[in-house]
Amino acid sequence: MDILKTKVAIIGAGPSGLLLGQLLYKAGIDHIIVERQSEEYVASRIRAGILEQVTVDLLEQAGVDENLKNKGLPHSGIEILTFKQKHRIDLTNLTEGKQVTVYGQTEVTKDLMTARKNSGLQSFYMAQDVRINNFYDQPEVEFVVDGRAVKIECEFIAGCDGYHGICRASVPSDQIKTFEKVYPFGWLGILADVPPVSDELIYVQSERGFALCSMRSHTRSRYYLQVPLTEKVEDWSDEKFWEELKNRLDPESREKLVTGESIEKSIAPLRSFVTEPMRFGKLFLAGDAAHIVPPTGAKGLNLAASDIAYLSQALIEFYHDGSEKGINEYSEKCLKRVWKAERFSWWMTHLLHRFETETEFEHKIKQAELSYILDSQAGRTTLAENYVGLPY
Ligand SMILES: Cc1cc2nc3c(=O)[nH]c(=O)nc-3n(C[C@H](O)[C@H](O)[C@H](O)COP(=O)(O)OP(=O)(O)OC[C@H]3O[C@@H](n4cnc5c(N)ncnc54)[C@H](O)[C@@H]3O)c2cc1C
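Bear in mind that the values here come from a model prediction, so they are computed numbers and not experimental data. (Residues numbered from 1 in each chain as written. Predicted model: local features only at pLDDT ≥ 70, side-chain atom pairs only at ≥ 80, totals over all residues. Heavy atoms only, no water.)

**Student:** Break down the side chain of D238 for me, with residues and values.
**Tutor:** Secondary-structure assignment places D238 in helix α7 (residues 238–248). For D238, a relative accessible area of 12% puts it in the buried group. (Helix = DSSP H or I, 4+ residues; strand = E, 2+ residues; numbered from the N terminus. Buried < 20%, exposed > 50% of the residue type's maximum accessible area, 1.4 Å probe, protein only.)

As structure tokens, then:
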């Protein structure tokens, strides 16, 4: 068995793991990343696309914002289409100058991977049978790569291995509590090389269900439809998708919509999930390993980034100043922000989707709530403040 030593072993090379690696590298802290998939697979996963200002700032701090600055699309507003009319939420005016940036998670991942390669940092891709041991005392990570067994002896483990990872699953059940809500529908998403229907994102609340008109660039669009969980992606031809999207749009957007062949199509189930606490001795959970939000509030990737902001700072304080304060406060600080984002994501999902179990009374109340939010300065400010991201 090969035995390696490092300060921090990072499990998972998604945005959380790669960003933590980059911030630790900048601070001169030795670490190794272990990922079970191939580099190509990780780099090509199509997922989130809206970055909060604090996430953009963190990527700048990590020194990986060159492409983001050149290709990211700053957005100062979003539209909500309901009651057959579009209502603009002026994010920037309602939040004293804040905005969000459209820049795909795939691009963030590629930028971080390139920076890592250029710095010659150590990563293991295609790691099999990854196990973490002894994290309340002397942490170790074991895995098999290219047929040889490897053990990493480390001081801390960062569990950045997503919802299906092994880090959270390795915690004894009496040390962990989880909170979960599963929604009775999913999002059927399509990616296509067609110009977006509008310069800003359109969140659609319609009698036929929710839809989202989003984008990755001026020439690449991402559209979503709320569908029952029983739907199969194979049953959705591109034509059927575009037809249903048109049915949920207003006449002007329907007219403007440019359709084309999909380059990716998938159904993602919607779930809210939180793990408490997020630290177990010398093991920290971050990103999707610790929490999941339905994508309605565009918070998943941004929450992963805020966990990493807290975790990198805690580790830097520990290694540079010998202070354990950040480490001891990590879980509490993260969870405070996580629950607020969970609330916002749940609220947006509840407000904009059609629930089959909803009574007519509940539906009317929801419509009244949406109408109040859109008509009131206070309501629009609440939505805007949460959408652009709450401060760290
Ligand atoms: C289909 C889909 C669509 C999404 N759309 C949006 C969206 O529109 N907006 C939004 O804000 N968020 C969205 N999200 C959420 C967002 O993508 C995640 O919040 C984000 O990827 C979290 O990053 P992460 O690094 O914490 O986890 P991940 O990106 O899941 O990365 C975890 C990594 O760990 C690796 N791993 C897993 N198990 C092991 C193991 N045993 N050993 C080693 N490595 C392991 C995985 O291969 C993966 O590379 C979406 C998520 C999904 C799944």
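Here the narrative resumes.
**Student:** An account of the site of the ligand is requested, with residue identities and associated values reported.
**Tutor:** Near the ligand, the surroundings consist of 29 residues, among which S16, E35, R45, Q105 and D288 are the closest. The backbone of P15 places a nitrogen or oxygen atom 3.2 Å from an oxygen atom of the ligand. In the environment of the ligand, an oxygen atom lies 3.4 Å from a nitrogen or oxygen atom belonging to the backbone of L301. For the ligand, whose free accessible area comes to 1,000 Å², the fraction covered by protein is 87%. Per-class residue counts for the shell around the ligand are 13 nonpolar, 9 polar and 7 charged. (Near = heavy atom within 4 Å. Polar contact = N/O pair within 3.5 Å; in protein donor to acceptor, adjacent residues only side chain to side chain. Areas by Shrake-Rupley, 256 points an atom, 1.4 Å probe, with all protein chains shown as cover. Nonpolar A, V, L, I, M, F, W, Y, C, P; charged D, E, K, R; others polar.)

**Student:** Just give me the short version of the sheet that holds strand β12 (residues 148–153), but keep the residues and values in it.
**Tutor:** In a beta sheet, neighbouring strands pair by backbone hydrogen bonds and run either parallel or antiparallel. Taken in spatial order, the 4 strands make up an open sheet running β1-β12-β11-β10, and their pairing is mixed. Strands with a single pairing partner mark the edges of an open sheet, and in this sheet they are β1 (2–5) and β10 (128–133). Between one strand and the next, the sheet's axes are offset by a mean angle of 20 degrees, whatever the strand orientation. (Pairing = 2+ DSSP bridges. Axes fitted to C-alpha atoms, helices over the stretch in contact; angles between N-to-C directions.)

**Student:** Go over empty space enclosed by the protein, please, and point to the residues and values.
**Tutor:** To locate leftover empty space, one rolls a probe as large as a water molecule over the atoms. Considering all chains together, one arrives at 3 cavities of 30 Å³ or more under this definition. Approximately 70 Å³ is the volume found for the largest cavity. If you trace the largest cavity, you find it lined by P15, S16, L19, L51, T55, L59, V108, L112, L301, A304 and A305. Of all the secondary structure elements, the ones that give two or more residues to the lining of the largest cavity are α1 (15–26), α3 (53–61), α6 (105–118) and α9 (300–321). Class assignment of the residues belonging to the lining of the largest cavity gives a composition of 9 nonpolar, 2 polar and no charged. For the second largest cavity, the calculated volume is near 60 Å³. Lining the second largest cavity are E52, K299, R337, K340, A341, F344, N386, G389 and L390. (1 Å grid on protein atoms, 1.4 Å probe; cavity = no way out; pocket = protein on both sides within 12 Å on 5 of 7 lines; lining within 4 Å. Points joined across faces, edges and corners; volume = space filled by probe spheres on them.)

**Student:** Which residues make up the sheet that holds strand β8 (residues 100–102), and what values do they have?
**Tutor:** Taken together, 3 strands build an open sheet; the order of strands is β4-β8-β5 and the sheet is antiparallel. This sheet does not close on itself; its edge strands, each paired only once, are β4 (50–52) and β5 (73–75). Across the sheet, the mean angle from the axis of one strand to that of its neighbour is 35 degrees, orientation sign disregarded. Taken together, the 3 bridges between β5 and β8 define a ladder with antiparallel strand orientation. If you follow L73 over to β8, its bridge partner there is V102.

**Student:** Residue-level account of unusual backbone geometry, with values.
**Tutor:** With an omega of -10 degrees, the peptide bond between E276 and P277 qualifies as cis. Checked against the element boundaries, P277 lands in the loop between β18 (262–276) and β19 (279–280). In this model, M126 sits at a positive phi of 55 degrees, which is unusual for a non-glycine residue. As for its position among the elements, M126 is in the loop between β9 (123–124) and β10. Positive phi, normally seen in glycine, also occurs at D146, with a value near 50 degrees. For D146, the position within the fold is in the loop between β11 (140–145) and β12.

**Student:** Would you mind going over the packing of aromatic side chains in detail, with residue names and values included?
**Tutor:** According to the stated counting rule, one finds 19 aromatic pairs in the structure shown. Plain terms: the ring middles of F135 and Y136 are 5.3 Å apart, the flat faces sit at 40 degrees to each other, and that makes the pair tilted. With 5.0 Å between their ring centres and 75 degrees between their planes, F185 and F355 make a pair best called edge-to-face. Separated by 170 residues along the polypeptide, F185 in strand β14 (residues 177–192) and F355 in the loop between α10 (325–352) and α11 (360–375) bring together distant segments of the chain. Looking at F185, the relative accessible area reads 3%, which means it is buried. With relative accessibility at 13%, the residue F355 sits in the buried group. Each residue in the set F156, F284, F318, Y319 and Y330 is aromatic and connected to the rest through ring pairs, giving one cluster. Just above the ring of W236 sits the side chain of K240; from NZ or CZ to the centre is 4.5 Å. A cation sits over an aromatic face here: K299 above Y387, 5.7 Å from the ring centre. (Phe/Tyr/Trp six-rings, centres within 6.5 Å; stacked < 30°, edge-to-face > 60°. Lys NZ or Arg CZ within 6 Å of the ring centre and 35° of its normal.)

**Student:** Kindly report on the packing of α10 against helix α12 (residues 377–388), identifying the contributing residues and their values.
**Tutor:** Between α10 and α12, the least distance of the axes is 10 Å, while the angle of their chain directions is 125 degrees. Our classification of the angle between α10 and α12 gives oblique. Considering the relative orientation of α10 and α12, their crossing is left-handed. On α12, the residues touching R343, F344, W347 and M348 of α10 are L383, N386 and Y387. Residue composition of the contact of α10 with α12, grouped by class: 5 nonpolar, 1 polar and 1 charged. (Parallel < 35°, antiparallel > 145°, perpendicular 65-115°, else oblique. Left-handed = near helix turned anticlockwise from the far one by under 90°. Contact = heavy atoms within 4.5 Å.)

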